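# Structural overview for review
If you want the building blocks of each chain, they are given just below.
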Amino acid sequence: MTKTLYKNFSLFDGNKDHFEANAYFVVDDETGKITEAGTGLAAEADQTVDLGNKYVMPGMINAHTHITSDVSGKLDPLGSPKLTPVVATKIALDNLSDLLKHGVTYIRDVGADFDVDIQLSKLEKGGNLFAPGICASGRPLAMTGGHFCTLSYEVDSPDEARKAARQALKNGADNIKLMATGGVSFGGESPDDVQLTEEELRAAVIEAHHKGRTANAHAQGTEGIKNAVRAGVDSVEHAFYLDDEAIQMFLDSGTFIVPTLIAVYGISDRGEGQVPDFMLDVAREVKKAHMESIGRAAEAGVKLAMGTDAGTPNNDFKNDSAFELQLMVEAGCTPLQTLQSATINGAQLLKIDHEYGTLEEGKYADFIVLNGNPLDDIKLVQQEKRVFKKGVEVK
Ligand SMILES: [Zn+2]
């Protein structure tokens, strides 16, 4: 067993609210786990890496991706009947590589073609794929004709939702993704449309929880958001329109919000001339309300987990995870809330916090090395950085 000592850096460990100067940790090279962490003088190790007085934080956890979505637009899109398993897998591997290089060391994928995320997750867990860890959902559940029904199991009663959830769990899903409302990036519907009912959502949530897994819901309009929280989901994705009652429901239940601000921004601010007019119109209308909702939720103390919806228009697998943190600050989150959302909170939501999300003894050495303190300027997370996955530097 060889050990590597990392020394001479300031550390945001995910537990404390600040960077501690003069920090070190020791990593077991075989397991990739931290065996010792602290400040000041470190113990002996077989080799030493001097991090040059830089700033170290846990690798980012992105709780909302679609890894089989091709952002270049050259290949068939997410949910397309023309997409093949080989092409979807190639897209996913490229996206995972981009995520890791840009500091995302764990993802929750919430809608992938052909259950590609489930299969790649198994490879990564078995040590046969160098990639971000994956909490996989496989295919989502939607009502017949509902949001991304092209990708989803179509279900129209609590019994059908139960059956599809059981099938997804049988296939190996770690999480059940549910479509509670319409959305922006899919024609013929609006974010306010209620889709899966509270009873349908609850039937699937119960199955996920019985198996010790999680469930989350795409929900943008207020009524659908409340349906999802009452149904017991672990997180609500997007949450465009939050009234006071909705915010109180999140506080009472402990349900997370995954804002995905970049998904709207990618259309409203980067989409001119690229996406259909109906999407531009909806995105500009919802952007202001969305930013205000997330700001109010953050101020009230609702638990937030960072997610980007990577794979939607102009929303990449590269630096847009770090850019999401900037948008969260612009919406009114504190820099500390955003770092927690991408580390310890993400790990708690994905139920991987016994091994990930903080840098301390017993946790995997998934970390990024920044040139400055992101609590002073959140944009620093977007700069060039070194990335380590289970103690191995990403090249
Ligand atoms: Zn999504």
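What you are looking at is a predicted structure, and each value in this text was computed from that prediction instead of being measured. (Residues numbered from 1 in each chain as written. Predicted model: local features only at pLDDT ≥ 70, side-chain atom pairs only at ≥ 80, totals over all residues. Heavy atoms only, no water.)

## What to know about the overall build of the chain
Secondary structure assignment for the chain yields eleven helices and 16 strands. Over its C-alpha atoms, taken along the principal directions, the chain stretches across nearly 60 × 40 × 40 Å. Expressed as a percentage of the 395 residues in the chain, the buried residues total 57%. Across the chain, the fraction of contacts at a sequence separation of at least 24, relative to all contacts at a separation of at least 6, is 67%. Accessible area of the chain: about 15,100 Å², with a carbon and sulfur share of 47%. (Helix = DSSP H or I, 4+ residues; strand = E, 2+ residues; numbered from the N terminus. Buried < 20%, exposed > 50% of the residue type's maximum accessible area, 1.4 Å probe, protein only. Contact = heavy atoms within 4.5 Å. Areas by Shrake-Rupley, 256 points an atom, 1.4 Å probe, with all protein chains shown as cover.)

## Topic: the nonpolar core
For soluble globular proteins, the rule of thumb is that nonpolar side chains tend to be buried together. Judged by nonpolar contacts, the single largest core of 81 residues is most densely connected at Leu141, Ile176 and Leu178. With sequence-adjacent residues up to four places away left out, Ile176 is seen in contact with Leu141, Ala165, Ala168, Leu169, Ala204, Ala208, Thr214, Ala215 and Asn216. (Core = buried A, V, L, I, M, F, W, Y, C linked by side-chain atoms within 4.5 Å.)

## Here's the deal with the coordination of the zinc ion
At 2.1 to 2.2 Å from the zinc ion lie its protein donor atoms, namely His64 (NE2), His66 (NE2) and Asp309 (OD). Within one chain, the residues donating to the zinc ion are spaced in sequence as H-x1-H-x242-D. Placement of His64 in strand 5 (residues 60-65) and of Asp309 in the loop between helix 8 (277-300) and helix 9 (320-331) is noted, with a sequence separation of 245 residues between them. (Donors = N, O, S within 2.8 Å, 3.2 Å for Na, K, Ca; no water.)

## Points about the sheet that holds strand 15 (residues 386-389)
With mixed pairing, the seven strands of this open sheet are ordered in space as 3-2-1-4-14-15-16. The open sheet is flanked by strand 3 (33-39) and strand 16 (392-393), the only strands paired with a single partner. Here six bridges tie strand 2 (residues 20-28) to strand 3, and the two strands are oriented antiparallel to one another. Paired with Tyr24 across the bridge in strand 3 is Gly38. (Pairing = 2+ DSSP bridges.)

## What about the environment of Leu350?
Inspection of the secondary structure assignment puts Leu350 in helix 11 (residues 344-350). Residues Leu350 and Cys135 lie 215 residues apart in sequence; the distance between their C-alpha atoms is 7.0 Å. Among all residues touching Leu350, those that are not within four sequence positions of it are Ile61, Ala63, Tyr106, Ile107, Arg108 and Cys135.

## Overview of the pattern of salt bridges
Taken as a whole and judged by the stated rule, the model has 22 salt bridges. Notably, a salt bridge pairs Lys16 with Asp13, separated by 3.0 Å at the nearest N-O pair. The exposure class assigned to Lys16 is partly exposed, which follows from its relative accessible area of 35%. Several salt bridges share partner residues, and in doing so they unite Asp159, Arg162, Arg166 and Glu207 into one network. (Salt bridge = Lys/Arg side-chain N within 4 Å of Asp/Glu carboxyl O.)

## Describing the packing of helix 4 (residues 198-210) against helix 5 (residues 222-231)
The interhelical angle for the contact between helix 4 and helix 5, taken along N-to-C directions, is 35 degrees, at an axis separation of 8 Å. Here helix 4 runs over helix 5; the crossing is right-handed. Residue-level contacts link Glu198, Leu201, Arg202 and Val205 of helix 4 to Asn227, Ala228, Arg230 and Ala231 of helix 5. Class assignment of the residues belonging to the contact of helix 4 with helix 5 gives a composition of four nonpolar, one polar and three charged. (Axes fitted to C-alpha atoms, helices over the stretch in contact; angles between N-to-C directions. Left-handed = near helix turned anticlockwise from the far one by under 90°. Nonpolar A, V, L, I, M, F, W, Y, C, P; charged D, E, K, R; others polar.)

## Some details on the side chain of His218
Here His218 shows up in strand 11 (residues 214-219). Residues contacting His218, with those up to four places away along its chain left out, are His147, Lys177, Leu178, Met179, Ala180, Thr181, Gly182, Gly183, Glu237 and His238.

## Let's talk about a negative patch on the surface
A cluster of acidic side chains, namely Asp192, Asp277, Asp281 and Glu285, defines a negative patch on the protein surface. Judged by its relative accessible area of 60%, Glu285 is exposed. (Patch = residues over 30% accessible without salt bridge, like charges linked within 9 Å, V, L, I, M, F, W, Y side chains within 5 Å. Lys, Arg positive; Asp, Glu negative; His and termini not counted. Charge placed at Lys NZ, Arg CZ, Asp CG, Glu CD.)

## What to know about helix 5
Burial runs high along helix 5: seven of the ten residues are buried. Burial in helix 5 covers these residues: Gly224, Ile225, Lys226, Asn227, Ala228, Val229 and Ala231. Count one or two residues on from helix 5 and you reach Gly232, which has phi positive near 95 degrees.

## Structural notes on the side chain of His66
Within the fold, His66 resides in the loop between strand 5 and helix 1 (85-101). What makes His66 buried here is its relative accessible area of 8%. Reaching out from His66, the side chain makes a polar contact with the side chain of Asp309 at a distance of 2.8 Å. Excluding residues that lie within four positions of it along the chain, His66 makes contacts with Leu78, Asn95, Asp109, Val110, Gly111, Lys177, Asp309, Ala310, Gly311 and Phe317. (Polar contact = N/O pair within 3.5 Å; in protein donor to acceptor, adjacent residues only side chain to side chain.)

## With respect to helix 2 (residues 116-125)
Along helix 2, the positions that sit buried rather than exposed are Val116, Asp117, Ile118, Leu120, Ser121 and Glu124. Those residues of helix 2 hidden inside the fold are in contact with helix 1, strand 6 (104-109), strand 7 (133-136), helix 3 (158-171) and strand 15. Among the residues trailing helix 2, Gly127 stands out with phi positive, at a value near 80 degrees.

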